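In case you want the letters, here they are:
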Amino acid sequence: MDSAAADGPHPGSGPAANPLGHGPVLLLTGARLADGRVVDVRISGGRIQAVGTAGGLGPLPALPGGPTVTTGARIDLRGYLLLPAPAEAHAHYDVAFSAALPTPPPETPAELTRRVTEAALTSLGYGATAQRTHVRIGDVHGLRRLEAVLTAQQAVRGLADLQAVAMPRLLTGRAGADGRAQLREALKLGATAAGGCPELDPDPAGYVQLLLEAAREADCAVDLHTTAADPVQLARLAGALAPLRPRVVVGPCGGLAPGASTVLASSGVRVVCLPQNGGCAGLEGLAGGRRPDLLRELVKARVPLVAGSGSLRDGANPVGRADPLEAAYLLAAGGVLDPDAAYDAVSNQARLALGLPPVRVDAGFPAELLAVRGDTLSGALAGGHSRLVVHSGRVVSRTSAVREFADTVALALPRQSDGTDGG
């Protein structure tokens, strides 16, 4: 078996040794799973073809009348934990990286596309092979931002699945005429879901009704912003959305009144929380943040909980990160969920929120995987920097972290390549 390099997974020798350009078969060897097993994983055709004991898998067997398929890559993942890839369930890429700019960034098609593409690749580098970004439409923005997201979507095709949620600010009355027209046009152009924040409209209930009509007409999902601060409005919203399950998501619900989680639980609507700071650009100045016990209350009420980043260095969170493992870490460190459930909130629960099938490291499941340095999930959440990302059966990103010290330390400390340092 090949030895693991100190700075990252080591591809096997032979043809297509570069894991970012391998052939149709990918063999991941010596990977540790979250349950502690050490396995080899063979991937072909975008799916996991087989999972076996370490050293027990070879190339694909021959098809009747055909040769054995051997073209591909063998990657030694000793010292790495292999997990279902996370997903980014709530982002705002159209305003990403804008916090540090002295003036609002230019909204030219080229600049918007560059910013969205950079944000999507940043998230991919952390492991998110599926991503959903909300994007403002209407008013002075027209459809420029959405068109940039759809262009970026094509640019990252094959690397990650990028979804767009069209967000009109107003929908009701004469002032909302432009928003209504822009929303329908956005859904025709290819927006994945209809969204927005009803609380920004003078008639929140009317906003929801008009948005649901457009969503039914386009047969698309619904992903809404809400503070959930008004119990009466929340009850109306939950009642209106319940018939559209499971294609409905709301969040971040940071203003939810104590005890009101039962309303969300009874509706069965998924809630996307934002563990970094509880707010995002979609709330447009509405009170962000959340009370300390909110997430525990949602978990206790058995509300389906998803976690997202919300912001990537924009005005809502100038230090926002696009790392799903950061969101899982914050849920676990805060005692909201145990590490397994916290990671599930950013992986399979997030995929379900995006309308995607769940993933397990098992034969037949989609090959959407993240290898992160560490030997336990807790260790990976605490400091797993080196990562290898697999999307549709292909290695699409690799991040290698190297830790060096100035002087020789005369202690029998493990080397990074042993996989025990969590780096």
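These remarks concern the structure in this document. (Residues numbered from 1 in each chain as written. Predicted model: local features only at pLDDT ≥ 70, side-chain atom pairs only at ≥ 80, totals over all residues. Heavy atoms only, no water.)

What describes two packed helices is the angle between their axes and the distance between those same axes. Running from N to C, helix H1 (residues 109-126) and helix H2 (residues 144-155) point in directions that differ by 55°, and their axes come no closer than 8 Å. It follows from the interaxial angle that H1 and H2 lie oblique. Crossing hand, H1 versus H2: right-handed. Contacts between H1 and H2 involve Pro109, Leu112, Thr113, Val116 and Thr117 on the former and, on the latter, Arg144, Arg145, Ala148, Val149, Thr151, Ala152 and Ala155. Each residue belonging to the contact of H1 with H2 can be placed in one class, and the counts come to seven nonpolar, three polar and two charged. (Axes fitted to C-alpha atoms, helices over the stretch in contact; angles between N-to-C directions. Helix = DSSP H or I, 4+ residues; strand = E, 2+ residues; numbered from the N terminus. Parallel < 35°, antiparallel > 145°, perpendicular 65-115°, else oblique. Left-handed = near helix turned anticlockwise from the far one by under 90°. Contact = heavy atoms within 4.5 Å. Nonpolar A, V, L, I, M, F, W, Y, C, P; charged D, E, K, R; others polar.)

With the rule as written, the count across this model stands at 19 salt bridges. Across the pair glutamate 107 and arginine 144 runs a salt bridge, and its minimum N-O distance is 3.6 Å. On the criterion of sequence distance, the pair formed by glutamate 107 in the loop between strand E7 (87-91) and H1 and arginine 144 in helix H2 is long-range, its members being 37 residues apart. By relative accessible area, which is 35% here, arginine 144 ends up partly exposed. Close ionic contact of glutamate 284 with arginine 169 constitutes a salt bridge, the shortest N to O distance being 2.7 Å. (Salt bridge = Lys/Arg side-chain N within 4 Å of Asp/Glu carboxyl O. Buried < 20%, exposed > 50% of the residue type's maximum accessible area, 1.4 Å probe, protein only.)

Of all six residues that make up strand E11 (residues 221-226), six are buried, and the element is covered over most of its length. Burial of the side chains of E11 extends over both faces: Ala221, Asp223 and His225 are buried on one face and Val222, Leu224 and Thr226 on the other. Note on the crossover from strand E10 (residues 193-196) through helix H4 (residues 204-218) to E11: the handedness is right-handed. Taken together, the five bridges between E11 and strand E12 (residues 248-252) define a ladder with parallel strand orientation. Bridging across to E12, valine 222 finds its partner in valine 248. Taking the sense of rotation as the criterion, the β-α-β connection linking E11, helix H5 (residues 231-241) and E12 turns out right-handed. (Right-handed = clockwise from strand over helix to strand, strands pointing away. Pairing = 2+ DSSP bridges.)

Moving on, we get to the sheet that holds E12. Strand order in this open sheet of eight strands is E7-E8-E9-E10-E11-E12-E13-E14, and the pairing throughout is parallel. Each having just a single partner strand, E7 and strand E14 (305-307) make up the two edges of the open sheet. Within this sheet the neighbouring strands show an average axis-to-axis angle of 25°, counted without direction.

Turning to the layout of surface pockets, a few remarks are in order. Roughly 320 Å³ of internal volume is contained in the second largest pocket. As for the second largest pocket, its lining consists of 17 residues, of which Ala34, Leu83, Pro84, Arg360 and Val361 are closest to the centre. Sorting the residues of the lining of the second largest pocket by element identifies strand E6 (80-84) and helix H9 (339-346) as the ones contributing at least two each. Within the lining of the second largest pocket, the residues separate by chemical class into nine nonpolar, two polar and six charged. (1 Å grid on protein atoms, 1.4 Å probe; cavity = no way out; pocket = protein on both sides within 12 Å on 5 of 7 lines; lining within 4 Å. Points joined across faces, edges and corners; volume = space filled by probe spheres on them.)

Our focus in this paragraph is the pairing of strand E4 (residues 47-53). Looking at chain direction, strand E3 (residues 38-44) and E4 are connected through six bridges and run antiparallel. Across the sheet, the residue bridging to valine 41 is valine 51, located in E4.

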